[in-house]
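# Secondary and tertiary structure notes
The chain contents come next:
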Protein chains: 2
Amino acid sequence: MTDKASTRENLEALDREDCLAAFRYRFDLPNDTIYLDGNSLGAMPRSTPARIDWVVRQEWRNDLNASWWKHNWLDLPRRIGDKIARILGADEGEVIVSDSTSLNLFKLLVGALQLMAGRGTILSDSSNFPGDLYVAQSAARAQNRKLRIVAPARLVDELDEDVAVVMFSQVDFRTGRLVELRPVAEQAHAVGALVLCDLSHSAGVMPLALGHDGIDLAVGCGYKFLNGGPGAPAFMYVANRLLHSIENPIWGWLGHAETFAFEAEYRPDSSIARFLVGCPPILSLIALEEGIDLLLEADLHAVRRKSVALTSRFIDLLRQEWGDDGPEILSPLDGRRRGSQVAIRHPLASRIVRALSENGVIAEFRAPDIIRFGFAPLYVCYADIWDSSQILKRVTHQVDADRRVAPATAKV
Amino acid sequence: MTDKASTRENLEALDREDCLAAFRYRFDLPNDTIYLDGNSLGAMPRSTPARIDWVVRQEWRNDLNASWWKHNWLDLPRRIGDKIARILGADEGEVIVSDSTSLNLFKLLVGALQLMAGRGTILSDSSNFPGDLYVAQSAARAQNRKLRIVAPARLVDELDEDVAVVMFSQVDFRTGRLVELRPVAEQAHAVGALVLCDLSHSAGVMPLALGHDGIDLAVGCGYKFLNGGPGAPAFMYVANRLLHSIENPIWGWLGHAETFAFEAEYRPDSSIARFLVGCPPILSLIALEEGIDLLLEADLHAVRRKSVALTSRFIDLLRQEWGDDGPEILSPLDGRRRGSQVAIRHPLASRIVRALSENGVIAEFRAPDIIRFGFAPLYVCYADIWDSSQILKRVTHQVDADRRVAPATAKV
């Protein structure tokens with residue numbers, strides 16, 4: 001990485017030096033589009049349509065029900081889980097693919113609360129994804145505990161011996177603030193609490209080391225930086241040391257030790273497969289595996305370096321090109337504290353996102369006034385940073401000008 | 001339908017008269033195969049691969065995250081649910097597609113138990129699908145109730161005022177025994193209990209009238225007679241009269257009244273959408289919709305008539321061709337009491353199923369000694385009944401002869 005000023009020329013030079021540049025051609029992206037929303041839905045790997053078509057036309061069509069064994073459909077949750085384990089810095093057998101992030105969170109939270117019988121609290125923070133907080137509300141209710149939500153900066157300070165599990169998102173879905181995992185785990189373990197983190201916005205975009213960092217439990221989704229397709233099944237992680245004791249509160253036939261023995265009584269599988277419940281959606285699982293396989297070809301350290309460079313350059317350009325008129329930047333300015341996104345605040349955010357889209361830049365509006373730009377280093381290039389920041393500046397000025405001309409219709 | 005003897009000639013004549021015959025060509029089946037396992041995994045509709053490919057290459061690839069609104073991905077669970085409602089004899093808004101059968105069962109059972117606070121029992125019977133019983137064990141545990149399992153014939157007799165919910169499968173997955181819904185609902189309601197049934201083996205293969213029959217809650221899977229593809233998402237039904245009161249015990253962002261408002265507190269949707277939890281697997285949902293759309297073209301009364309004729313003819317042939325040597329038939333002999341399958345018992349069942357497969361007939365082995373033949377009237381024809389019964393007779397005699405010749409290796 002060079003420290004030269006962020007001119008388009010210099011950014012193009014960075015693209016020529018980029019060891020990840022070739023990955024861009026492994027994705028099929030729409031023409032004339034700069035896609036800065038891969039943290040909502042990852043782009044389509046070029047190989048995915050043919051892979052799905054094969055599974056549909058060959059496996060399902062030809063081998064029908066026998067495919068569960070012949071083509072190892074039954075094994076997909078574990079097989080893909082083991083691949084994701086490599087992305088998370090986890091061991092084989094510690095990760096499985098199953099259901100949705102929310103459902104996995106419910107299973108793990110209730111399982112954790114059952115383990116920690118004497119403790120009354122799930123601790124989380126207000127920057128956590130609201131969906132995760134809803135799940136936690138229901139898990140707390142189911143187990144007759146309470147959910148305590150504190151300010152993000154206070155999360156570690158609020159740990160005490162009543163906390164059964166502390167739960168947070170590694171990357172704040174709004175601001176992109178990145179939480180360092182190991183200190184949280186150390187503090188939590190010091191008071192005897194378990195640590196559960198949601199990796200939805202970090203998995204696939206930075207090297208992770210869940211084992212080394214002492215994380216107990218984790219969940220994450222497959223459709224963002226894992227490029228698994230819309231609504232791709234989610235993953236869950238359970239540290240080996242907990243696998244002998246934590247239970248899945250929802251007992252399903254796929255989590256049974258002998259699914260096809262059809263025993264009368266539930267008997268949980270001894271592995272993480274006990275967290276499976278019902279039949280998994282094979283077509284969506286196959287698409288997920290294709291995204292994972294592609295990602296496993298990339299060096300995640302290089303991915304992280306490029307991610308930090310992209311977001312840093314983008315922030316530089318917002319400040320350099322706009323001067324004091326620039327938008328308020330919500331994301332941490334220190335790259336080490338930032339996930340692969342930049343969030344800005346603007347009162348006309350919704351309208352600006354629409355205008356960006358009309359000009360070929362896809363970003364995301366988050367109510368009430370946030371614009372979120374996600375940078376997937378496998379298919380976003382440095383020149384995109386220049387182009388998107390220029391377009392952002394132009395459409396923002398236009399939207400501002402429109403508001404001044406026609407205030408009555410300027411309401412978002 | 002004719003009452004003539006089941007010769008191949010007469011069966012071919014029935015095929016020529018069959019108003020459903022053309023549906024066979026709407027499915028893409030492997031050559032030289034008689035597929036009698038559509039009650040495990042339905043066959044592939046010819047239109048499905050192109051539909052999935054379109055969603056992948058056009059919607060995901062081109063419109064990316066905007067597809068959630070532009071292509072109504074967000075609406076799929078309700079849209080497909082409303083289509084399934086027509087198959088179930090339910091009203092619009094009473095059915096939604098979500099997760100797996102097991103997870104939907106968990107949500108509904110816990111929801112039902114919460115509604116019925118003063119009652120201590122989930123009542124079910126020993127013929128119910130083991131996976132459903134496992135779910136019920138965990139729901140009972142979660143709500144501090146008990147699961148009482150009785151003999152199938154005793155289900156209605158064992159109803160009392162401690163029963164919160166009576167839960168059963170409409171069609172026994174082993175024997176094919178079909179339960180008449182209305183009498184169970186009437187008896188259950190007489191003691192104030194709720195009725196929950198699993199329609200996995202009945203939906204799509206007979207007309208249903210959940211509303212008329214007074215069923216309160218139901219679940220079912222998408223990958224059998226709905227032909228939704230491997231592991232297709234499942235459906236759930238909640239009678240309108242319960243929708244204002246029953247809660248989903250797992251609070252997820254997709255079940256929130258305003259998913260994208262990202263409110264701090266969970267606030268359930270007022271519709272059945274409150275039973276959604278996390279992000280649905282779009283590719284698998286699309287395949288399901290394709291199967292449902294095809295099924296909606298068929299007259300379910302005609303489907304049921306053909307289903308009864310196919311299973312009756314198959315039983316006739318087993319008795320007519322084998323005489324007293326015939327296998328034990330586990331399925332009810334009265335067609336009105338039978339789902340769309342015939343089950344037989346044989347000590348070498350596993351080996352016979354393998355030999356059938358080698359001879360182009362796909363049936364299913366269910367441990368320890370059951371062979372299950374499923375008849376999907378949209379793609380199984382009358383001539384298949386003749387051919388498969390002849391092959392069954394031949395391979396059974398061969399397997400029996402092998403056992404007599406080499407008893408030491410004949411162990412299953």
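Residues numbered from 1 in each chain as written. Chains lettered and ligands numbered in written order. Predicted model: local features only at pLDDT ≥ 70, side-chain atom pairs only at ≥ 80, totals over all residues.

## Side note on the domain arrangement of chain A
All names here are of chain A. Domain assignment breaks chain A into domain 1 (8-31 + 299-401) and domain 2 (49-296). Between the C-alpha centres of domain 1 and domain 2 the distance comes to 29 Å. Taken together, the contact between domain 1 and domain 2 spans 20 residues of the former and 14 residues of the latter. Among the elements of the structure, α11 (300-322) and β12 (341-345) are those that each provide at least two residues to the side of domain 1 that touches domain 2. With 5 residues, the top contributor of residues to the side of domain 1 that touches domain 2 is α11. Residue composition of the side of domain 1 that touches domain 2, by class: 9 nonpolar, 6 polar and 5 charged. (Domains from an automatic or database assignment. Contact = placed C-beta atoms within 7 Å. Helix = DSSP H or I, 4+ residues; strand = E, 2+ residues; numbered from the N terminus. Nonpolar A, V, L, I, M, F, W, Y, C, P; charged D, E, K, R; others polar.)

## Considering the relation of the copies chain A and chain B
Screw-axis analysis of chain A against chain B gives a translation of 0.0 Å along the axis, an RMSD of 0.0 Å, and a rotation angle of 180°. Both copies are brought into coincidence by an operation consistent with a two-fold rotation axis. Considering only C-alpha atoms, the residue of chain A closest to the rotation axis is S284(A), which sits at 2.8 Å. Most of the interface of chain A is mirrored in chain B, where 100% of its interface residues again form contacts. (Least-squares fit on C-alpha atoms with pLDDT ≥ 70 in both.)

## Here we look at the nonpolar core
If you look at the biggest cluster of nonpolar residues, it comprises 276 residues, and the most contacted ones within it are L109(A), V165(A), V166(A), L109(B), V165(B) and V166(B). With sequence-adjacent residues up to four places away left out, V166(B) is seen in contact with L123(B), L155(B), L159(B), V184(B), A188(B), A193(B) and V195(B). (Core = buried A, V, L, I, M, F, W, Y, C linked by C-beta atoms within 7 Å. Buried ≥ 20, exposed ≤ 12 C-beta atoms within 10 Å, placed from the backbone.)

## Here we look at the sheet that holds strand β10 (residues 235-238) of chain B
Residue and element names in this part refer to chain B. One open sheet holds the 7 strands; their spatial order is β4-β10-β9-β8-β7-β5-β6, and the pairing between them is mixed. Looking along the sheet, the strands with just one partner apiece sit at the ends: β4 (95-97) and β6 (146-150). Taking each pair of neighbouring strands and ignoring which way they run, the sheet shows an average axis angle of 20°. In this sheet, β10 lies alongside β4 in antiparallel orientation, the contact comprising 3 bridges. Bridge assignment links V97 to a residue of β10, and that residue is F235. (Pairing = 2+ DSSP bridges. Axes fitted to C-alpha atoms, helices over the stretch in contact; angles between N-to-C directions.)

## As for the interface of chain A and chain B
Listed as interface residues are 66 residues of chain A and, on the opposing side, 66 residues of chain B. For the side of chain A that touches chain B, the element with the highest residue contribution is helix α2 (residues 48-63) of chain A, accounting for 9 residues. The residue inventory of the side of chain A that touches chain B, partitioned by class, reads 42 nonpolar, 17 polar and 7 charged.

## With respect to the packing of helix α1 (residues 8-17) of chain B against helix α13 (residues 382-405) of chain B
Residues and elements named next belong to chain B. Running from amino to carboxyl end, α1 crosses α13 at an angle of 150°, the nearest separation of the two axes being 7 Å. Here α13 runs roughly antiparallel to α1, going by the angle between their axes. Between α1, through R8, L11, E12, L14 and D15, and α13, the contact on the second element is made entirely by Y382, A383, I385 and W386. When its residues are assigned to classes, the contact of α1 with α13 shows 6 nonpolar, no polar and 3 charged. (Parallel < 35°, antiparallel > 145°, perpendicular 65-115°, else oblique.)

## Section: the sheet that holds strand β4 (residues 95-97) of chain A
Residue and element names in this part refer to chain A. Taken together, the 7 strands give an open sheet; going across it, the order is β4-β10-β9-β8-β7-β5-β6, and neighbouring strands pair in mixed fashion. Every other strand in the sheet has two partners, leaving β4 and β6 (146-150) as the edge strands with one partner each. Here the average twist between neighbouring strands, direction ignored, is 20°. Inspection of the sheet shows strand β9 (residues 217-220) paired to strand β10 (residues 235-238) by 4 bridges, in the antiparallel sense. Opposite A218, over in β10, you have Y237 as the bridge partner. Across the sheet, helix α5 (residues 101-115) touches β5 (121-125), β7 (163-169), β8 (194-198), β9 and β10, and the angle it forms with β9 is around 165°.

## Details of the pairing of strand β15 (residues 370-374) of chain A
Residues and elements named next belong to chain A. A large share of β15 lies buried, amounting to 5 of its 5 residues. By the alternation rule, side chains of β15 split into I370, R372 and G374 and I371 and F373, which are all buried. As paired strands, β12 and β15 are joined by 5 bridges and run antiparallel to one another. Residue R345 lies in a different strand from β15, and its bridge partner there is I370. Both strand β14 (residues 364-366) and β15 contribute to a ladder of 3 bridges, which runs antiparallel. The residue of β15 that forms the bridge with F365 is I371. Hairpin connection, β14 to β15: the antiparallel pair is bridged by 3 residues.

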